[in-house]
Amino acid sequence: MTGWLDRPLLELDSVDVDGAESVTYLLHQVFRYAYDGPAYRVRQRLVGLPRARHGNLRRRARHVLVTDSAGSAYRVVTHPDADGNEVVAVELPVVASAVEFTLAALVERIGPAADVSLPAAALADPRLLVPTRLTSPSPELWDLAESLRAAYPSDASLAEALCLRLRSEFTFALDTTTVTTTAAEAYALRRGVCQDIAHVMLTVCRLAGIPARYVSGHLLGEQGGSHAWVEVLVPDGPGARALAFDPTNGCRVGGRHLPVAVGRDYADVAPTSGVYTGSARGHLSWTKRAGITAA
């Protein structure tokens, strides 16, 4: 049953998004690849379905559909990755001119917006502490990590100060960086988009010995595609707590942030990625409908 796909979205200002005891999110995305000739052996990977569980968020329904320009539907395989994200994998022998991937989900939050609780073992997860290609450091980032560590012995206070500092130093700019730009390159420019700023924050936190993970998702009310932020892991009693920061906006993450996936960096959770053979050139377009709906 997919009748929920057409539910109307509520005006955000009419809802206590952070404090409400229950909030229902609706996310409906369509990714369309158009080719100027036949594309062969198309293999597509999509990470666009919100996680089954993320803190007090629970996915109540999901919908995945793949159709080509002739209206044919294709078999879809989903599987969890190393971080528990749901990955959609599709293989098509040939696409004559276009293919569409529809991903939709209904997510319910029980209780006010809150941090994510994790087992204590997450604090020592090497995947969240060592650099990746996209979070490789530079001397400048080492200096920043060392200066912040000296000024802020608390991991939480360091992360908060770093979040605010990056908001003040960076200029949000499209078409300045790409999905392959590293944290060191973005910080040298002090320009980029949300994924660049998140990569810089990840790099500095890890250099300071703080485990941190990349979060992809959506900021409700924001125009454009997906958004990115950072979860910093700190001890919390016998376990751990993930403090979520949005360095692009210089704030803690709240009820208007809808997480989709977590990983070491953007490469782990890119919404779409794939390969094909042939000489055709492809063009990606997308539509998104995201917001809060009546329960």
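Figured I'd write up the structure that's included with this text. What you see is a predicted model, and the numbers here were worked out from it, not measured in a lab. (Residues numbered from 1 in each chain as written. Predicted model: local features only at pLDDT ≥ 70, side-chain atom pairs only at ≥ 80, totals over all residues. Heavy atoms only, no water.)

A few words on the overall build of the protein chain. Per the secondary structure count, the protein chain includes five helices and 17 strands. Radius of gyration (C-alpha) of the protein chain: 20 Å, near the 19 Å computed for a compact globule of 295 residues. By principal-axis analysis of the C-alpha atoms, the protein chain measures approximately 60 × 45 × 35 Å. The buried share of the protein chain, reckoned over its 295 residues, is 49%. When contacts within the protein chain are restricted to residue pairs at least 6 apart in sequence, those whose partners lie at least 24 apart make up 74%. (Helix = DSSP H or I, 4+ residues; strand = E, 2+ residues; numbered from the N terminus. Rg over C-alpha atoms; globule rule 2.2 N^0.38 Å. Buried < 20%, exposed > 50% of the residue type's maximum accessible area, 1.4 Å probe, protein only. Contact = heavy atoms within 4.5 Å.)

What follows deals with the pairing of strand β13 (residues 239-246). Summarising burial for β13: seven of the eight residues are buried, a large majority. Summarising the sheet, strand β8 (residues 116-118) and β13 pair through three bridges and their orientation is antiparallel. Bridge assignment links Val-116 to a residue of β13, and that residue is Ala-242. Where strand β12 (residues 227-236) meets β13, seven bridges bridge the pair, whose relative direction is antiparallel. Bridge pairing in β13 places Val-234 opposite Arg-241. Connecting β12 to the antiparallel partner β13 that follows it, the hairpin turn spans two residues, and Gly-237 within it adopts a positive phi of roughly 60 degrees. Pairing geometry for β13 and strand β14 (residues 251-252), over two bridges, is antiparallel. (Pairing = 2+ DSSP bridges.)

To continue, consider the packing of aromatic side chains. Applying the stated criterion across every chain yields a total of four aromatic pairs. Taking 6.2 Å as the distance between ring centres and 85 degrees as the angle between the ring planes, the aromatic pair formed by Tyr-33 and Phe-101 counts as edge-to-face. Of the two residues, Tyr-33 sits in strand β1 (residues 22-35) while Phe-101 sits in strand β7 (residues 98-110), which places them 68 residues apart along the sequence. Neither Tyr-33 nor Phe-101 differs from the other in exposure class; each is buried. (Phe/Tyr/Trp six-rings, centres within 6.5 Å; stacked < 30°, edge-to-face > 60°.)

Take the sheet that holds strand β6 (residues 86-95) next. In space, the four strands of this open sheet follow the order β5-β6-β2-β16, with antiparallel pairing throughout. Of all strands in the sheet, those bounded by a partner on one side alone are β5 (77-80) and β16 (272-277). Each strand of the sheet is rotated relative to its neighbour by a mean of 20 degrees, with strand direction disregarded. Here strand β2 (residues 39-46) runs beside β16; their pairing, made up of five bridges, is antiparallel. Counted as the bridge partner of Arg-45 is Ser-273 from β16. (Axes fitted to C-alpha atoms, helices over the stretch in contact; angles between N-to-C directions.)

What follows is about the environment of Gly-111. As for its position among the elements, Gly-111 is in the loop between β7 and β8. With a relative accessible area of 9%, Gly-111 lands in the buried category. A C-alpha to C-alpha distance of 5.6 Å links Gly-111 and Ser-22, two positions 89 residues apart in sequence. The contacts of Gly-111, once residues within four sequence positions are left out, are Ala-20, Glu-21, Ser-22 and Asn-56.

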